[in-house]
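Structural overview
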Number of protein chains: 4
Amino acid sequence: MTKHILLMEGPDAKGLIYQVVKVLFKNECNIIRQDEYVSPSGQFFMRTEFEGSDELNPENILQELRSVVSNKEIKFRTNPKKKKDIVILCTKEHHCLSDLITRYHFQELEANVLAVISNYDILEPYVSKFGIPFHTVSHVGLSREAHENAIIDVIKPYKPEYLVLAKYMRILTPGFVNQFHERIINIHHSFLPAFIGANPYKQAYERGVKIIGATAHFVNNDLDDGPIIAQDIKKVSHRFTAKDMSREGKDVEKTVLTKALKLVFNDRVFIHDNRTIIL
Amino acid sequence: MTKHILLMEGPDAKGLIYQVVKVLFKNECNIIRQDEYVSPSGQFFMRTEFEGSDELNPENILQELRSVVSNKEIKFRTNPKKKKDIVILCTKEHHCLSDLITRYHFQELEANVLAVISNYDILEPYVSKFGIPFHTVSHVGLSREAHENAIIDVIKPYKPEYLVLAKYMRILTPGFVNQFHERIINIHHSFLPAFIGANPYKQAYERGVKIIGATAHFVNNDLDDGPIIAQDIKKVSHRFTAKDMSREGKDVEKTVLTKALKLVFNDRVFIHDNRTIIL
Amino acid sequence: MTKHILLMEGPDAKGLIYQVVKVLFKNECNIIRQDEYVSPSGQFFMRTEFEGSDELNPENILQELRSVVSNKEIKFRTNPKKKKDIVILCTKEHHCLSDLITRYHFQELEANVLAVISNYDILEPYVSKFGIPFHTVSHVGLSREAHENAIIDVIKPYKPEYLVLAKYMRILTPGFVNQFHERIINIHHSFLPAFIGANPYKQAYERGVKIIGATAHFVNNDLDDGPIIAQDIKKVSHRFTAKDMSREGKDVEKTVLTKALKLVFNDRVFIHDNRTIIL
Amino acid sequence: MTKHILLMEGPDAKGLIYQVVKVLFKNECNIIRQDEYVSPSGQFFMRTEFEGSDELNPENILQELRSVVSNKEIKFRTNPKKKKDIVILCTKEHHCLSDLITRYHFQELEANVLAVISNYDILEPYVSKFGIPFHTVSHVGLSREAHENAIIDVIKPYKPEYLVLAKYMRILTPGFVNQFHERIINIHHSFLPAFIGANPYKQAYERGVKIIGATAHFVNNDLDDGPIIAQDIKKVSHRFTAKDMSREGKDVEKTVLTKALKLVFNDRVFIHDNRTIIL
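In what follows, the accompanying structure is described. (Residues numbered from 1 in each chain as written. Chains lettered and ligands numbered in written order. Predicted model: local features only at pLDDT ≥ 70, side-chain atom pairs only at ≥ 80, totals over all residues. Heavy atoms only, no water.)

A few points about the state of the cysteines
Residues and elements named next belong to chain D. Summed over all chains, the structure comprises zero disulfides over all chains. Not part of a disulfide, C96 finds its nearest cysteine sulfur in C90, a span of 10.0 Å. By relative accessible area, which is 1% here, C96 ends up buried. (Disulfide = S-S within 2.5 Å. Buried < 20%, exposed > 50% of the residue type's maximum accessible area, 1.4 Å probe, protein only.)

Thoughts on the packing of helix 1 (residues 16-26) of chain D against helix 2 (residues 58-68) of chain D
Residues and elements named next belong to chain D. Here helix 1 crosses helix 2 at 140 degrees, and the two axes come no closer than 10 Å. Taken together, the axis directions place helix 1 and helix 2 in an arrangement best described as oblique. Crossing hand, helix 1 versus helix 2: right-handed. In this structure, helix 1 contributes Q19, V20, V23, L24 and K26 to the contact, and helix 2 contributes I61, E64, L65 and V68. (Axes fitted to C-alpha atoms, helices over the stretch in contact; angles between N-to-C directions. Helix = DSSP H or I, 4+ residues; strand = E, 2+ residues; numbered from the N terminus. Parallel < 35°, antiparallel > 145°, perpendicular 65-115°, else oblique. Left-handed = near helix turned anticlockwise from the far one by under 90°. Contact = heavy atoms within 4.5 Å.)

Some points on the interface of chain C and chain A
Between chain C and chain A, the contact holds 34 residues from the first and 34 residues from the second. A per-residue breakdown of the area chain C buries against chain A is headed by C:R207, C:H238 and C:R275, which together make up 25% of the total. Residues A:K235 and C:D232 are paired through a salt bridge, measuring 3.5 Å at the closest nitrogen-oxygen approach. Counting every contact that joins chain C to chain A gives 21 residue pairs in polar contact (both at pLDDT 80 or more). Within the residue set of the side of chain C that touches chain A, elements represented by two or more residues are strand 2 (30-38), helix 7 (200-207), strand 11 (228-235) and strand 13 (275-278) of chain C. When residues in the side of chain C that touches chain A are grouped by element, the largest group, seven residues, is from strand 11 of chain C. Here the side of chain C that touches chain A is built from residues that sort into 17 nonpolar, seven polar and ten charged. (Buried area = accessible area lost by both parts, 1.4 Å probe. Salt bridge = Lys/Arg side-chain N within 4 Å of Asp/Glu carboxyl O. Polar contact = N/O pair within 3.5 Å; in protein donor to acceptor, adjacent residues only side chain to side chain. Nonpolar A, V, L, I, M, F, W, Y, C, P; charged D, E, K, R; others polar.)

Some details on the sheet that holds strand 4 (residues 75-78) of chain A
Residue and element names in this part refer to chain A. Pairing is antiparallel in the open sheet, where four strands are placed in the order 2-3-1-4. Among the strands making up the open sheet, the edge pair consists of strand 2 (30-38) and strand 4. The sheet shows a mean angle of 15 degrees between the axes of neighbouring strands, taken without regard to direction. Two elements, strand 1 (residues 2-11) and strand 3 (residues 43-52), share ten bridges in a ladder whose sense is antiparallel. Residue pairing across strands places G10 opposite F44, the latter belonging to strand 3. Contacts between helix 2 (residues 58-68) and the sheet are confined to strand 1 and strand 4, with strand 4 contributing the most and set at about 165 degrees to the helix. (Pairing = 2+ DSSP bridges.)

Overview of the sheet that holds strand 2 (residues 30-38) of chain B
Residue and element names in this part refer to chain B. A sheet is described by the order of its strands in space; here four strands give the open sequence 2-3-1-4, paired in antiparallel fashion. Lying at the two open borders of the sheet, with one neighbouring strand each, are strand 2 and strand 4 (75-78). With direction set aside, neighbouring strand axes in the sheet form an average angle of 15 degrees. Across the face of the sheet, helix 1 (residues 16-26) comes into contact with strand 1 (2-11), strand 2 and strand 3 (43-52) while running at roughly 15 degrees to strand 3.

Shown next as structure tokens:
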């Protein structure tokens, strides 16, 4: 038996679940887990893990589903549980990067780290220990666009499915973001929407908050405004300076980024209306 | 449209989901949410929220499901979302009781509190403010069995679906427990299985733990060994005496009990193999 | 032996702790617990719990401390552990109010609830059960100032040390706030500074956050911008509508408010530079 | 100015704080932070961070303190904030080890990792990347004592202050433990005292708990019974198999171990009566 994951999204309609389940039943597939959600606005989402005989061609299932389900707007994707290809961008801080690299090295990341790109060479010695290509693309002396184009030139040959911004500290232009629509995942060091923009820990200190946090989100054209995938927090006290918060917040940042990537890499995340649906 | 909840449990088999969904589809029911789980031992659980026309008779659905599903061991229950009838037992401490009474008073508890029974009269003035019958059944001078029989005599006329032990500090005999099989919910003041038995906070203090907790569970014949519904914890430090833990733990106790009751009263809890499956 | 609490605040200087400890030692006082903090800007805070003989006059200690400590800007307060007098303001929601009332009724609140004031009479039947004066001061037909003046007229005779806004849903004017400088505590239903202003749960839903929260803070003239005392959060998912968040957030709100009040009522909170120092 | 940390422990007595503070004052030291605790049994603990002139000899302070404080049972330790020397023991799992190695590599661990010892060579390639000596000491064919002696022979030349058991999966004999009294720190994969002994995740699964956890503790002669330093938990559901718990629990294990080590390495942990006092 081979395992498949079926992802559906579209306007809700009567009998949708029945029609899908019927196709799977007729093809002698065994549903392992099925989760669905209908948004208040009437959008239907379903994620189905099922097993079929090794000879089963998911493309046939898809075709059958498309012909059976009358509403043509519905999209199907099947994704056998395979590892995603990713490229990681970072700057100087290692904590998110090293967590991903360590998991990758020990084959616990549901992704292949094809390369690491940074605008500094600080993390090269660490990354190189693990046989992962490291590209330094300095921004010095380059316009934002020129720098981004240089990065894109490095990324392109790797054909990654996702870009992971593991504390990449430069703002991306819409031109860059548009080339990787809904495929860039960032970790922001605050519980968004609090402390949007630069120096969130400094902002947090100045506001005197008792919790700090981190947010992993897809990047869209509005800074720090993309669909949120995961968030978590850590309690702090008046004794924390902005620097303490920054240091102590790192553990939350890496935990949240890793959690978000796990969800994305396991095909559990839908994006709709600037929100994530996680099934 | 009327809302229904269908609960199924039985040995897993191919096509189960399909057969159920088909019956609902034919009866023009609309599935709002469906969650299923198959245990490693092969037991199948499914909870389906669906809407049907106001004329739909759930009994007909049940009959149809029974005839369609070949495996006769499968059990169905339909529960329109109605409030459960409960009787609460307590002793001297108010925190779990008052939380339930307050929610009940403001119609936020998915249950009708028919009566409160205690072996002390301490909490009577509070309970009486809310027009809820309060019965003091003192254990003084009675054997354990005689006391339990006196309590059962008080309970019986209320015909409650569930008994809630809101810090009822006496151990129940198998004779009592058997009369309310899988219908008694207790709050234990430790993160079970740590600190089984009496004085868990004293035990916790002596062991020097850094977390304390509470566990809501169904009561079975073995003390503190029934199926766990909900657990939560609170961090403590060396500065907490056993008494401090007891005082600070109360908030966790009431939170956990309330959470567990909400799950049970919303028909989200299955019991299997001394474990709860929460869908 | 009688217990005292000494609170000091002022510019840091060499030997401050020594000078204070010396005075206590000479007066045969026994330090039970002493916590101090120096802010990055050089402000010194110290809270000392100590026991002295029953004859000891804290005023004498204060005088001695004032003469010994050269820096005249240092302020001392001694507060024997006595209950604070409070008045609670609320609107229609009961959850924060009923939690406080219940704790007060069972003598677990470190405060005397002198009265409850609301712009609606909805919660009167509940409050009246506990023999606490309830004043309905409707805002209908009144200007904001006129309404606030009417409320102040009700408050004045009670001479409360603190006003607790237990989900009081109207914005207070600077005129009102100034009359109770650093003595008004509010519960805001978001993890500030996220979702300042009206309808934070609606804002949270629209932003698609994965955590919601609550913030207890002192009220100053800028809306939702006063010194934060306590914050906590709850995880949510895409399944939560704004209404669900509002319902589920209530438990966090009441927990956070109660926690903050406990700190304030136990003289553990200093305010400095729009931040709280909690010792 | 040089920073010092003074740790005191002994029977409580009147004026203790005063006498210590006086010595520091006379030596023109500036107290940065001072925390003290008196146990219910009357044991006094104090941790003082202070700054003194670079010429100040902590030994002189100690001598002066010893002559001033009448009670001779009181022990003083001064520890300038220097890194501790440690040796790590592990078996096959990398998650705790790699977290420590990564932090060490990036100079974020308050310790020098002198060597790693394992009864398997599985983790050697990883450790060797970082230039840290790795010693495989197989237990195959050896008695427990012979194996432990072989390990001790490897450890001895390193003269570590602490041994860290980063998922070292073999039980240590009293003979071994006694050689490193209060200097061995272990991570146990349950919220002790729940699930003492082997296979805690299997036990947790079988009990049907809704939380799993991890405990970092000093090792004494009774298995899993030493003083607890730090604990944390993670919520689980019925969907978690024992294997899932084991995988998901790893993140808690490494977080808890790192947290505990940070406390120990910063001289913040006292041990008394099989409990830790953390100041």
